[in-house]
Structure formats: C-alpha cells, structure tokens
Amino acid sequence: MTQRKIRVLVGKPGLDGHDRGAKVVAAALRDRGMEVIYTGLHRTPEQIVDAAEQEDVDVVGLSILSGSHMELLPRVLRLLRQRGMQRVLLVGGGIIPDEDAAALRDDGFARIFGPGATTAEIADFIEQNIPLER
Amino acid sequence: MGPADPALAELLARFRAGGVGALARAISWAEDGHPSVAALLEALHGETGNAWRTGITGPPGAGKSTLVDGLARHWVADGRCLGLLAVDPSSPFTGGALLGDRVRMDRSTGEGVFVRSMASRGSLGGLSLATGAAADLMDAFGFDELLLETVGVGQAEIDVAAAADTTVVVLTPASGDGIQAMKAGLMEAADLFVVNKADTAGAERLANELEMTLELRPSGAPRPPVLRCVARDDQGVAELAAAIEARREDDRASGRLDRRRQARDLARVRRVFSESLRARLWDGDGLQDRAREALAAGERPDSVALKLAARVLQRLQERAS
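Conventions used here
- Residues numbered from 1 in each chain as written.
- Chains lettered and ligands numbered in written order.
- Predicted model: local features only at pLDDT ≥ 70, side-chain atom pairs only at ≥ 80, totals over all residues.
- Heavy atoms only, no water.
- Helix = DSSP H or I, 4+ residues; strand = E, 2+ residues; numbered from the N terminus.
- Rg over C-alpha atoms; globule rule 2.2 N^0.38 Å.
- Buried < 20%, exposed > 50% of the residue type's maximum accessible area, 1.4 Å probe, protein only.
- Pairing = 2+ DSSP bridges.
- Axes fitted to C-alpha atoms, helices over the stretch in contact; angles between N-to-C directions.
- Contact = heavy atoms within 4.5 Å.
- 1 Å grid on protein atoms, 1.4 Å probe; cavity = no way out; pocket = protein on both sides within 12 Å on 5 of 7 lines; lining within 4 Å.
- Points joined across faces, edges and corners; volume = space filled by probe spheres on them.
- Nonpolar A, V, L, I, M, F, W, Y, C, P; charged D, E, K, R; others polar.
- Arc of directions from axis to C-beta.
- Polar contact = N/O pair within 3.5 Å; in protein donor to acceptor, adjacent residues only side chain to side chain.
- Salt bridge = Lys/Arg side-chain N within 4 Å of Asp/Glu carboxyl O.
- Buried area = accessible area lost by both parts, 1.4 Å probe.
- Domains from an automatic or database assignment.
- Right-handed = clockwise from strand over helix to strand, strands pointing away.
- Core = buried A, V, L, I, M, F, W, Y, C linked by side-chain atoms within 4.5 Å.
- Parallel < 35°, antiparallel > 145°, perpendicular 65-115°, else oblique.
- Left-handed = near helix turned anticlockwise from the far one by under 90°.

A. Seen up close, the overall build of chain B. Of the regular secondary structure elements, chain B holds 12 helices and eight strands. Taking 20 Å as the expected radius of gyration for a compact globule of 321 residues, we find that chain B reaches 22 Å, a close match to that expectation. Referenced to the eigenvectors of the C-alpha coordinate spread, the extents of chain B come out at roughly 60 × 50 × 40 Å. Split into buried and exposed, the 321 residues of chain B put 47% on the buried side.

Rendered as structure tokens:
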C-alpha cells in the first residue's frame with residue numbers, strides 16, 4: 001500500500017537575504033498537503049543539490065532575487081543531472097527578466113514564476129507536473 | 001514482491017555501493033510503505049547494530065536543532081560519519097508539513113553528514129512510524145553516529161526513548177520549574193538532561209531543581225547528569241558529546257544496552273503489528289463504516305469499540321476451530 005507524498009525542497013541560492021517569498025510559497029505548498037523542506041538562506045548550489053538528494057524530493061523550487069540567477073540556477077540544474085536526478089521537477093521564482101526565464105526554460109527548468117504568480121498557480125503546476133513514476 | 005522485484009535488486013546494489021541517493025530512496029520506501037520495503041530491510045538486517053542512536057527531544061524552541069548541529073560538527077571533526085533524522089509535525093488537517101531543521105544545520109552539512117527531514121505523518125509520539133526503519137537503513141549504510149531529533153514535545157511523547165540507545169532531553173528556563181521535572185513521562189525517559197540557553201535568567205535555578213529532583217529517584221539505575229549548554233555559541237557541546245560517550249561505555253559494560261535493544265525490538269513489533277491490523281481491519285475491512293452506523297444509531301463510543309473488537313476476535317476463533 002504505497003501512499004506517496006509530494007516532497008518539495010525550497011531553496012535560496014546565493015547571497016540575497018530576502019526569503020519572504022520563499023516562505024509564503026513553502027507555507028502554501030504545505031497547506032496543499034505537500035512536505036516542504038526549507039533550506040534557509042545563503043545556500044550554495046552544491047548544498048541545495050546535496051539536500052535534494054538526501055531528502056529524495058520530487059520538486060526543487062529555487063527563489064532568487066539577487067540578479068545572479070543566470071549563474072546559480074543553471075548550476076543547480078547541472079549538478080542535479082550529474083547526480084542522476086533528471087526526474088526532479090525544477091522550478092524557479094523571483095525577479096527574473098523574461099528573456100532570462102526563456103533561456104532557463106530552454107535549459108531544463110519546468111517553469112519560472114515571476115512577481116504576480118499566485119500560490120495556487122504554483123501548487124497546481126506542481127501537482128500537474130510531478131512524475132508519477134520515479 | 002521479494003527478490004523478484006527488479007527495483008529492489010537495483011536499489012540494494014546502489015545502496016551497498018555507498019550511493020547516497022539509494023539510501024534516500026530507501027528511506028522514502030519506508031515512509032511510503034513501498035511493497036518491497038520489508039524485503040529491503042530483511043536483506044540489510046545483518047548489517048545493522050553498529051551505529052549508536054542518540055535521541056534528542058524536548059519542547060519546541062528549546063534549541064534541539066542547534067544542539068544537533070553542534071554535536072554533528074563535533075563528531076565530524078573527530079572523523080566520524082553521521083546520519084541525522086529530524087522529525088517535524090505533519091498537519092492533521094491537510095497532511096502537509098514544513099520541515100525546517102536544515103535552516104539550523106547550516107554549519108554541519110557537507111562531507112560525512114547525511115540529513116533527512118521526516119514529517120510525523122499522523123504519529124503522535126514525537127517520531128514518525130517509519131523512524132525505526134529509517135534508522136535501521138542509516139545504520140546499515142554504515143554511519144558511526146545516528147541522531148534522532150523529535151518534533152517539539154510536551155510531557156508524554158516518549159517514542160524516542162524506545163527508538164534510541166541514549167535519550168537526551170533538552171530544556172530551557174522557559175520549560176517550567178522543577179515540578180514539571182517530577183511529572184511522569186518524558187522526564188523519566190531521559191538518560192541525560194541539557195539545560196540549554198544556560199546564559200539566560202533562571203537557567204541555573206532550573207538546573208539545580210532538576211538535580212535535586214533526580215536525587216529523589218530510587219538508587220540502582222544510573223542518575224542522569226544535568227549539563228549546561230549555550231548551543232548557539234557551542235558552549236557545552238563537547239561536554240555533552242563526552243557525557244553521551246561515557247554513558248554509552250557504561251551501558252555496554254553493564255549489559256543495559258542489550259536489554260534496551262531487546263525492548264526496542266519488542267516495542268517495534270507491537271507497533272507495526274497494531275498498525276498493520278488497524279489498517280487492515282479499520283480501513284480495509286469496513287469496521288469504520290460499521291462504527292459510523294452504530295454511532296449514528298445512538299450507541300456510546302466505548303461500547304461500539306468493545307463490541308467491534310469482540311466481533312473480530314469471535315470471527316478469528318470461529319475460523320480457528
């Protein structure tokens with residue numbers, strides 16, 4: 001009798017100190033019945049991917065407001081692939097210009113949520129897009 | 001099922017090769033009740049028993065995670081590898097959980113440390129039902145030290161004492177006075193007490209009251225030491241590690257460890273037994289519906305429960321004869 005819970009890692013890569021958005025999203029996903037692991041601030045891509053591996057998550061969500069998203073987000077993606085975690089649904093959010101968001105999606109991010117995205121939209125997207133088998 | 005499951009053989013191979021991802025997936029199997037988890041635990045059973053399990057419990061905000069972070073760093077600096085299971089509560093309303101222990105683990109993650117956050121998933125004793133199995137998996141993986149951190153507990157959630165070799169109860173001056181320490185339950189489960197935030201007002205008084213209360217205990221059993229710590233500043237962490245190790249030597253030499261582990265196995269059998277019976281009968285066999293009908297007909301809850309239990313037993317006897 002398998003009862004899988006959706007497990008989500010919410011991470012804050014890099015040096016920005018603003019995590020209100022990440023916490024709002026984490027609380028909303030919790031209220032949707034997901035198990036949300038929050039990493040805390042100032043994590044390196046390596047720390048985030050270590051945590052994702054140990055926690056065996058279905059989803060990694062990265063919140064970044066510092067402007068270094070084109071540096072840090074692709075790095076998380078590459079590390080996940082190197083560790084064999086291709087099936088993890090990878091999403092991002094924060095202050096990310098449209099052309100950068102498009103480039104990140106081309107790279108392999110499932111979705112980039114910008115300002116104005118509702119928490120319901122994010123939770124719906126995750127529920128509809130996590131892999132059934134892993 | 002069994003060795004016929006190709007996913008099991010594949011996972012076991014990666015697990016035995018030291019794959020962190022395989023350990024993580026194995027714990028998920030235990031949490032989710034994967035059909036092959038029993039076979040996995042069976043295959044690894046002979047490889048368990050080498051890790052020391054230290055339980056860390058206490059009320060919310062006492063500083064458990066910060067203390068665990070300090071202990072982890074202390075042991076890693078000593079060349080040991082370490083696994084941590086950190087349990088946080090699941091919502092009884094939505095089933096969701098926010099697992100925040102990693103926020104305080106910023107100094108100790110990295111080489112030689114494996115951290116797994118677990119949601120309590122409806123279990124009310126401070127751990128989750130899968131904690132025992134997850135600890136066995138980490139033990140078999142080869143960690144020297146295991147830390148089991150409970151949800152913030154009140155007075156009676158003592159699952160951790162049954163799951164750990166050594167139980168550390170963390171208190172602060174905000175936890176109440178010495179009378180709280182005389183109550184049954186959690187306080188009796190401690191092998192070691194930590195008065196954390198020892199630099200705050202009332203800490204020394206609490207520590208003294210604890211020591212006085214412990215003197216009232218019957219002689220024979222070892223008296224739990226009371227340590228003063230300021231986990232945030234790493235004060236007292238080395239002393240705590242030394243106290244855990246002293247207790248461990250003593251428990252090994254006196255045979256207390258063997259008795260404890262036997263009691264732990266028995267408690268786990270009881271727990272898994274009642275959980276599987278409940279799942280089978282209550283959810284699967286329609287007892288829940290029958291209970292609803294009886295209640296709707298105006299029967300008293302206790303008598304409904306006893307009647308249902310009597311009926312199940314009667315059916316079993318009929319089948320046996």
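Moving on from the model shown.
B. Highlighting the pairing of strand 5 (residues 145-149) of chain B. Residues and elements named next belong to chain B. Burial within strand 5 is extensive, with five of its five residues counted as buried. Summarising the sheet, strand 1 (residues 52-57) and strand 5 pair through five bridges and their orientation is parallel. From the neighbouring strand, Gly 55 faces strand 5, where its bridge partner is Leu 148. Note: strand 2 (residues 82-88) against strand 5, five bridges, orientation parallel. Residue Leu 82 lies in a different strand from strand 5, and its bridge partner there is Glu 145.

C. Structural view of the sheet that holds strand 3 (residues 97-99) of chain B. Spatially, 5(A)-4(A)-3(A)-1(A)-2(A)-3(B) is the arrangement adopted by the six strands of the open sheet, whose pairing is parallel. The open sheet has two edge strands, strand 5 (111-113) of chain A together with strand 3 of chain B, and neither has a second partner. Neighbouring strand axes in the sheet, compared pairwise and without regard to direction, differ in orientation by 20° on average. As paired strands, strand 1 (residues 7-11) of chain A and strand 2 (residues 35-38) of chain A are joined by four bridges and run parallel to one another. In the strand pairing of strand 2 of chain A, Val 10 of chain A is matched with Tyr 38 of chain A. The strands touched by helix 3 (residues 69-82) of chain A within the sheet are strand 3 (59-64) and strand 4 (89-94) of chain A, with strand 3 of chain A carrying the most contacts at an inclination of about 165°.

D. Layout of the layout of surface pockets. The volume enclosed by the second largest pocket comes to roughly 720 Å³. Of all the secondary-structure elements, those providing two or more residues to the lining of the second largest pocket are helix 2 (45-55) of chain A together with helix 1 (6-16) and helix 2 (20-32) of chain B. Examining the composition of the lining of the second largest pocket, we find that five residues originate from one element, helix 2 of chain B, more than from any other. Among the residues making up the lining of the second largest pocket, the classes are represented as nine nonpolar, six polar and 12 charged.

E. Quick peek at helix 1 of chain B. Residues and elements named next belong to chain B. Listing the buried residues of helix 1 in full gives Leu 8, Leu 11, Leu 12 and Phe 15. Mapping the buried residues of helix 1 onto a view down its axis gives an arc of 100°, with all of them on the same face. Buried residues in helix 1 make contact with helix 2, helix 3 (37-44) and helix 5 (131-141). By the N-cap criterion, in which a side-chain oxygen at the helix start approaches the backbone nitrogen of a residue two or three places on, helix 1 is capped by Asp 5, the distance to Ala 7 being 2.9 Å.

F. The arrangement of the pattern of salt bridges in detail. A full pass over the atoms with the stated rule returns 45 salt bridges over all chains. For Asp 31 of chain A, the salt bridge is made with Arg 30 of chain A, and the minimal N-O distance between the two is 3.0 Å. Among the residues examined, Arg 30 of chain A registers a relative accessible area of 29% and is labelled partly exposed. Among the charged side chains, a salt-bridge network with shared partners connects Arg 7, Glu 35 and Glu 55 of chain A together with Glu 31, Asp 32, Arg 102, Arg 116 and Arg 121 of chain B.

G. Structural view of the interface of chain B and chain A. In this complex, chain B contributes 29 residues to the contact, which on the side of chain A involves 25 residues. When chain B packs against chain A, close to 2,300 Å² is buried across both sides, 44% of that on carbon and sulfur atoms. Between the two partners, chain B and chain A, sit five salt bridges. Among the salt bridges present, the one from Glu 55 of chain A reaches Arg 116 of chain B, with a minimum N-O distance of 3.9 Å.

H. The arrangement of the side chain of Arg 80 of chain B in detail. Residue and element names in this part refer to chain B. Relative to the assigned elements, Arg 80 resides in the loop between helix 4 (64-77) and strand 2. By relative accessible area, which is 19% here, Arg 80 ends up buried. A distance of 2.7 Å separates the side chain of Arg 80 from the side chain of Asp 78, its partner in a polar contact. Apart from the residues within four sequence positions on either side, Arg 80 is in contact with Trp 75, Gly 112, Asp 144, Glu 145, Glu 245 and Arg 248.

I. Structural detail: the domain arrangement of chain B. Residue and element names in this part refer to chain B. As far as domains go, chain B holds domain 1 (1-47), domain 2 (50-253) and domain 3 (266-320). Placing the centre of domain 2 and that of domain 3 at their C-alpha centroids yields a distance of 35 Å. Residue-level contacts link eight residues of domain 2 with four residues of domain 3. In total, domain 2 and domain 3 occlude about 420 Å² of area from one another, counting both sides; carbon and sulfur atoms represent 45% of this.

J. Structural detail: the pairing of strand 1 of chain A. Residue and element names in this part refer to chain A. Most of strand 1 sits out of view: five of its five residues are buried. What you see with strand 1 is no split at all: Arg 7, Leu 9 and Gly 11 on one side and Val 8 and Val 10 on the other are buried throughout. Crossover handedness for the path strand 1 to helix 1 (residues 20-31) to strand 2: right-handed. As paired elements, strand 1 and strand 3 share four bridges and run parallel to each other. Bridging from a neighbouring strand, Leu 9 pairs with Val 60 of strand 3.

K. Main features of the nonpolar core. Core analysis: the biggest nonpolar cluster contains 48 residues, and Phe 15, Leu 23, Ile 27, Leu 40, Leu 137, Met 138 and Phe 193 of chain B have the highest contact counts within it. Considering every element that reaches this core, the biggest residue donor is helix 2 of chain B, with seven residues. Split by domain, this core shows at least three residues from each of two domains, domain 1 (1-47) and domain 2 (50-253) of chain B. Sequence-distant contacts of Phe 15 of chain B, defined by excluding residues within four places in its chain, comprise Ala 22, Leu 23, Ala 26, Leu 44, Leu 137, Ala 140 and Phe 141 of chain B. Ranked by size, the runner-up nonpolar core spans 27 residues in total, among them Ile 48, Ala 51, Leu 62 and Phe 109 of chain A.

L. Summary view of the packing of helix 3 of chain B against helix 5 of chain B. Residue and element names in this part refer to chain B. For the pair helix 3 and helix 5, the least separation of the axes is 10 Å and the interaxial angle reads 40°. On the basis of the axis angle, helix 3 is oblique to helix 5. Along this stretch, helix 3 crosses helix 5, giving a crossing that reads as left-handed. Residue-level inspection shows Leu 40, Leu 41 and Leu 44 of helix 3 in contact with helix 5, the latter providing Ala 133, Asp 136, Leu 137 and Ala 140. Classifying every residue of the contact of helix 3 with helix 5 gives six nonpolar, no polar and one charged.

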